[in-house]
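# A structural walkthrough
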Amino acid sequence: MSSELLVDLGEDPATTQLGQLKLATIEDQQWPADESTLSKSETDISQRFDAGSPHLPWDHPFYDIARHQIIEVAGDDNFGRKVIVFNACRMPPQHQLDHQKLLMYLKGTLDQYVESDYTLIYFHHGLTSENKPSLGWLRDAYREFDRKYKKNIKALYIVHPTMFIKTLLILFKPIISFKFGRKINYVSYLSELEDVVKCEQLLIPARVREYDSKLRASMKPTTQPPMSPPHSPPLPNQVFGVPLPLLRQRSPDSECVPVVMRDTISFLSEQGLEIEGIFRRSANVTLVKEVQLRYNSGATVNFREMEDVHLAAVILKTFLRELPEPLLTYQLYNDIVNFASVSSDSQVTVMKTLVESLPEENYASLRYLIAFLAQVSANSEVNKMTNSNLAVVFGPNLLWGRDNAMSLSAIGPINNFMRTLLDQQHLVFT
């Protein structure tokens, strides 16, 4: 997209017609409410965080936006890019939502990730005449999201598009650059997202899943889209998605640190420390899958032969994200999310206690990773990856709730814990 609107949409006759388009049938508006707006792991969190944190107290100016969970972060996609999700069905009626605040909240979320490659997934189902924002708001939003936000967005996926959204994009076509237009993708069925991101890591609203099922049921058998591929049984030598104790058991020397971490970190320590934006760039998805397959088949992987720093970085993040349980474990979830309440004088002691309570494999792997990230940060003048930047990248890959998707209520606290761990690693791991 260009950085500014070139026309005033508010006075375009087509805008008036577009605003009158029917967005949803009565049937669409009678979907049952989602099962719960907050997971148990989130409702257990009562600690109040500072205003800069996405975990907002009830009296914070943005609390009324955050509580709807319209915007979520869902780890990395299959290309190693951060995934931001926007759920239209969770938008309340227009009179119950301050759309200007929503825009500022969305910007605040993206601000954490726009320096890295990222993917935006927009679930369109559930946008109705009652809750849709005005075209004037869309115009203002377009102006707000300048080149900083557009540069590193690698793809925008519009799931379950309707004639309304397609007509809207046609209206915007004269002012959308060809380069950005190529990033927009229509996704008719949830199964099509599997090529981009593992759907189980997305906290897809129940009504969106049900709508997808109804769309499938309405199709003729000969035109049925493929279902999401079933989970295949683990391979005898599988490495990705396997618990750390099992990986240690399979290791010839009972090594606590998995081979993927040792291979990638060894290579990156030699060739990646001075690469600007290391861990911020994506990699070729075909190569990522090939490397995963080689590991899972028991073959040796030599990153020095491939000479691709970003591929190794993505493989490391992917391995951590695909662990059945996060490296920092579900048991420590609430302690870490509430870590901001610990006084500065006690933080090192508390953090040391927490990490030493981890299982042996987790502790050894975390220590190995943090020692490497300290090397990366020591070269931040060249690679631009400070402890804060590394925390944003690795926080969601080291800890998430049992529901898999990363609620905005936890991102800030987790990243804060990770940054403090990097700052104090020389004291914590002594």
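Since this is a predicted model, take the numbers as computed values, not measurements.

## Concerning the side chain of Thr264
With respect to the helices and strands, Thr264 occurs in helix α11 (residues 259-271). Ignoring any residue separated from it by four or fewer positions in sequence, one finds Thr264 in contact with Phe303, Ala312, Ile315 and Leu316.

## Section: the nonpolar core
Grouped together as the largest cluster of nonpolar side chains are 64 residues, with contacts concentrated most on Phe279 and Phe394. Residues in contact with Phe279, not counting those within four places in the same chain, are Leu268, Ala313, Leu316, Lys317, Phe372, Leu373, Val376, Met385, Leu390, Val393 and Phe394. With 39 residues, the next largest nonpolar core counts Ile70, Tyr113, Ala141 and Ile411 among its residues.

## Here we look at helix α7 (residues 163-172)
One full turn of an α-helix is made of 3.6 residues, so residues set three or four places apart face in the same direction. For α7, the complete set of buried residues consists of Phe164, Ile165, Leu168, Leu169, Leu171 and Phe172. Summarising the axial view, the buried residues of α7 lie within an arc of 155 degrees, below the 170-degree limit, and thus occupy one face. Relative to its buried face, α7 has exposed residues pointing more than 90 degrees away, namely Met163 and Ile170.

## Quick notes on the packing of α11 against helix α14 (residues 309-321)
Where α11 meets α14, the axes come as close as 9 Å, and the angle between the chain directions of the two elements is 145 degrees. Handedness of the α11/α14 crossing: left-handed. Touching Val260, Met261, Thr264, Ile265, Phe267, Leu268 and Gln271 of α11 are Val309, Ala312, Ala313, Ile315, Leu316, Phe319 and Leu320, all from α14. For the contact of α11 with α14, the per-class residue count stands at 12 nonpolar, two polar and no charged.

## A closer look at the confidence of the model for the protein
Close inspection of predicted coordinates is inappropriate in any region flagged by low pLDDT. Model confidence for the protein is summarised by a mean pLDDT of 81, while 80% of its residues fall at 70 or above. The weakest mean pLDDT in the protein belongs to helix α2 (residues 40-43) at 34; the strongest belongs to helix α17 (residues 360-378) at 97.

Parameters at a glance
- Residues numbered from 1 in each chain as written.
- Predicted model: local features only at pLDDT ≥ 70, side-chain atom pairs only at ≥ 80, totals over all residues.
- Heavy atoms only, no water.
- Helix = DSSP H or I, 4+ residues; strand = E, 2+ residues; numbered from the N terminus.
- Contact = heavy atoms within 4.5 Å.
- Core = buried A, V, L, I, M, F, W, Y, C linked by side-chain atoms within 4.5 Å.
- Buried < 20%, exposed > 50% of the residue type's maximum accessible area, 1.4 Å probe, protein only.
- Arc of directions from axis to C-beta.
- Axes fitted to C-alpha atoms, helices over the stretch in contact; angles between N-to-C directions.
- Left-handed = near helix turned anticlockwise from the far one by under 90°.
- Nonpolar A, V, L, I, M, F, W, Y, C, P; charged D, E, K, R; others polar.
- pLDDT = per-residue confidence, 0-100.

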